[in-house]
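Understanding the architecture of this molecule
Take a look at the letters that make up each chain.
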Amino acid sequence: MKDYATGIQHIGIPTKDMEASKQFYEKIGFEIAYETVNDGNQVKFFRMGNLIMEVYESEDVAMKVGSVDHVAIDVKDIEQTYQEICDMGLNNLQDEIHFLPFWDNGVKFFTIKGPNEEKIEFGKFL
């Protein structure tokens with residue numbers, strides 16, 4: 001793995017039914033690690049060991065195999081990572097670094113697409 005990455009941060013899954021998602025993930029052994037509201041939609045981070053699933057309400061849910069929205073990679077330095085990704089010509093979404101007031105001090109992130117249209121998010125907890 002590149003020097004800027006420290007491991008997987010989370011996997012993002014959209015849902016139309018947060019209560020059903022909550023019940024499902026708790027039944028299979030996940031606990032709620034963090035919950036918030038973003039743009040009026042519920043967001044819950046479920047943790048089992050070192051695996052975190054970000055489940056968030058959305059009207060745009062595929063509801064079929066392949067419906068995982070993104071995989072987030074935890075990075076040491078978001079600005080340096082952003083520059084390296086841009087220098088490699090991989091910022092194919094022309095994304096910028098975003099901030100959300102999640103967790104204790106917020107999180108900064110940006111997203112690119114892989115060769116199969118998969119979204120890869122690079123994120124740094126602040």
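Residues numbered from 1 in each chain as written. Predicted model: local features only at pLDDT ≥ 70, side-chain atom pairs only at ≥ 80, totals over all residues. Heavy atoms only, no water.

**So, the overall build of the protein chain**
Check the secondary structure of the protein chain and you find 2 helices and 8 strands. Counting from the amino terminus, helix and strand elements in the protein chain follow one another as β-α-β-β-β-β-α-β-β-β. Seen through its principal axes, the protein chain has C-alpha atoms that stretch 45 × 30 × 30 Å. Long-range pairs, those at least 24 residues apart, make up 52% of the contacts in the protein chain with a sequence separation of at least 6. When the accessible surface of the protein chain is summed, it comes to about 7700 Å², and 49% of that surface belongs to carbon and sulfur atoms. Charge-centre separation for the protein chain: the mean point of 12 positive side chains lies 4 Å from the mean point of 23 negative side chains. (Helix = DSSP H or I, 4+ residues; strand = E, 2+ residues; numbered from the N terminus. Contact = heavy atoms within 4.5 Å. Areas by Shrake-Rupley, 256 points an atom, 1.4 Å probe, with all protein chains shown as cover. Lys, Arg positive; Asp, Glu negative; His and termini not counted. Charge placed at Lys NZ, Arg CZ, Asp CG, Glu CD.)

**A word on helix α1 (residues 18-27)**
Within α1, burial applies to M18, S21 and Y25. In an axial view of α1, the angular spread of the buried residues amounts to 60 degrees, which keeps them on one side of the axis. Where α1 is buried, its residues touch β1 (5-15), β3 (41-48) and β4 (51-57). Of the residues flanking the end of α1, it is G29, one or two places downstream, whose phi is positive at about 110 degrees. (Buried < 20%, exposed > 50% of the residue type's maximum accessible area, 1.4 Å probe, protein only. Arc of directions from axis to C-beta.)

**Observations regarding the packing of aromatic side chains**
In total, this model carries 11 aromatic pairs according to the counting rule given. Each residue in the set Y34, F45, F102, W103 and F125 is aromatic and connected to the rest through ring pairs, giving one cluster. (Phe/Tyr/Trp six-rings, centres within 6.5 Å; stacked < 30°, edge-to-face > 60°.)

**Details of helix α2 (residues 78-87)**
Every buried residue belonging to α2 is among I78, T81, Y82 and I85, and all of these are buried. The buried residues of α2 occupy one face: seen down the axis, they fall within an arc of 100 degrees. Buried residues belonging to α2 abut β5 (70-75), β7 (107-113) and β8 (119-125). Regarding α2, its N-cap is D77, as a side-chain oxygen of that residue lies 3.1 Å from the backbone nitrogen of E79 further along. Looking one or two residues beyond α2, the residue adopting positive phi is G89, at roughly 75 degrees. (Polar contact = N/O pair within 3.5 Å; in protein donor to acceptor, adjacent residues only side chain to side chain.)

**A word on the environment of L93**
Of note, L93 is situated in the loop between α2 and β6 (98-100). For the pair L93 and K113, spaced 20 residues apart in sequence, the C-alpha separation works out to 6.9 Å.

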